[in-house]
Amino acid sequence: MKYITLIAISGILLLHLTGAIPPSSVGGPLVIAMACLTAAFAVGVHEAWTERRGVLGWILNLFISFFATFLAAQAGGGIMAIVLSPFADGSSLAAAGGWVMALALAGTMGATILGVWGALRFAKRWR
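It should be emphasised that the depicted structure is a prediction, and the values quoted were computed from it without experimental measurement.

Let us look at the environment of Arg-53. Here Arg-53 shows up in the loop between helix H2 (27-50) and helix H3 (55-84). Beyond its immediate chain neighbours, meaning those up to four positions away, Arg-53 contacts Glu-47, Ala-48, Trp-58, Asn-61, Lys-124 and Arg-127. Within the local environment of Arg-53, its side chain forms a polar contact with the side chain of Glu-47, the two groups lying 3.0 Å apart.

What follows is the structure, given as structure tokens:
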């Protein structure tokens, strides 16, 4: 789990530093969403693999990961926007760019992974 988090945060920061996240109104959020979904699916697969789930357990883990990503990424992004808004020069964190955007991306990715992990732990109680 720690390795997935480290790799996911490093990956999103690498995308930001190389300019692979376009500053457009559609392309940038889509790249960020795909990165969050990829990390969430990695968490779901890791949990299914380590807990030796059956076929139905794998499917359930992937569904839980998919839906928890939407809730956790939105919550994490909102929290990061509130916390980092005093440091943004422009009207948004994306317009500010630089370290503010990098910190927002890292925080959002961390919150997404934590939210997916929590949803999977909550579902584990019901199995």
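What follows continues from the structure just given.
Our next topic: the layout of surface pockets. In this structure, the largest pocket encloses a volume near 680 Å³. Along its surface, the largest pocket is lined by 28 residues, and Gly-28, Pro-29, Ile-32, Met-101 and Leu-105 are the ones closest to its centre. Listed by contribution, the elements that provide at least two residues to the lining of the largest pocket are H2, H3, helix H4 (93-96) and helix H5 (98-125). Tallying contributions element by element places H3 first for the lining of the largest pocket, with 8 residues. Residue classes in the lining of the largest pocket are distributed as 18 nonpolar, 10 polar and no charged.

Turning to unusual backbone geometry, a few remarks are in order. Phi angles above zero are rare outside glycine, and Arg-52 is one such case at about 50°. Within the secondary structure layout, Arg-52 lies in the loop between H2 and H3. Relative accessible area serves as the criterion here: at 75%, Arg-52 is assigned to the exposed category.

Following the criterion strictly, the structure yields 2 salt bridges and no others. A salt bridge links Arg-53 to Glu-47, with the nearest nitrogen and oxygen atoms 3.0 Å apart. Of the residues examined, Glu-47 reaches a relative accessible area of 4% and is grouped as buried. For the salt bridge of Lys-124 with Glu-51, the shortest nitrogen-to-oxygen distance reads 3.2 Å. You can see Lys-124 sitting in helix H5 and its partner Glu-51 sitting in the loop between H2 and H3, a full 73 residues away along the chain.

Of note, Ser-65 is situated in helix H3. Among the polar contacts listed, one links the side chain of Ser-65 to the backbone oxygen of Asn-61, at a separation of 2.8 Å. For Ser-65, the residues in contact, after removing those within four places along its chain, are Ala-40, Phe-41, Gly-44, Val-116 and Leu-120.

Right, let's get into the packing of H3 against H5. To characterise two packed helices, one gives the angle between the axes of the helices and the distance between these axes. For the pair H3 and H5, interaxial distance at closest approach is 7 Å and the crossing angle is 140°. H5 is crossed by H3, and the crossing has right-handed handedness. On the side of H3, the interface is formed by Asn-61, Ile-64, Ser-65, Ala-68, Thr-69, Ala-72, Ala-73, Gly-76, Gly-77, Met-80 and Leu-84, while H5 contributes Val-100, Leu-103, Ala-104, Gly-107, Thr-108, Ala-111, Thr-112, Gly-115, Val-116, Ala-119, Leu-120 and Ala-123.

Calculation rules
- Residues numbered from 1 in each chain as written.
- Predicted model: local features only at pLDDT ≥ 70, side-chain atom pairs only at ≥ 80, totals over all residues.
- Heavy atoms only, no water.
- Helix = DSSP H or I, 4+ residues; strand = E, 2+ residues; numbered from the N terminus.
- Contact = heavy atoms within 4.5 Å.
- Polar contact = N/O pair within 3.5 Å; in protein donor to acceptor, adjacent residues only side chain to side chain.
- 1 Å grid on protein atoms, 1.4 Å probe; cavity = no way out; pocket = protein on both sides within 12 Å on 5 of 7 lines; lining within 4 Å.
- Points joined across faces, edges and corners; volume = space filled by probe spheres on them.
- Nonpolar A, V, L, I, M, F, W, Y, C, P; charged D, E, K, R; others polar.
- Buried < 20%, exposed > 50% of the residue type's maximum accessible area, 1.4 Å probe, protein only.
- Salt bridge = Lys/Arg side-chain N within 4 Å of Asp/Glu carboxyl O.
- Axes fitted to C-alpha atoms, helices over the stretch in contact; angles between N-to-C directions.
- Left-handed = near helix turned anticlockwise from the far one by under 90°.

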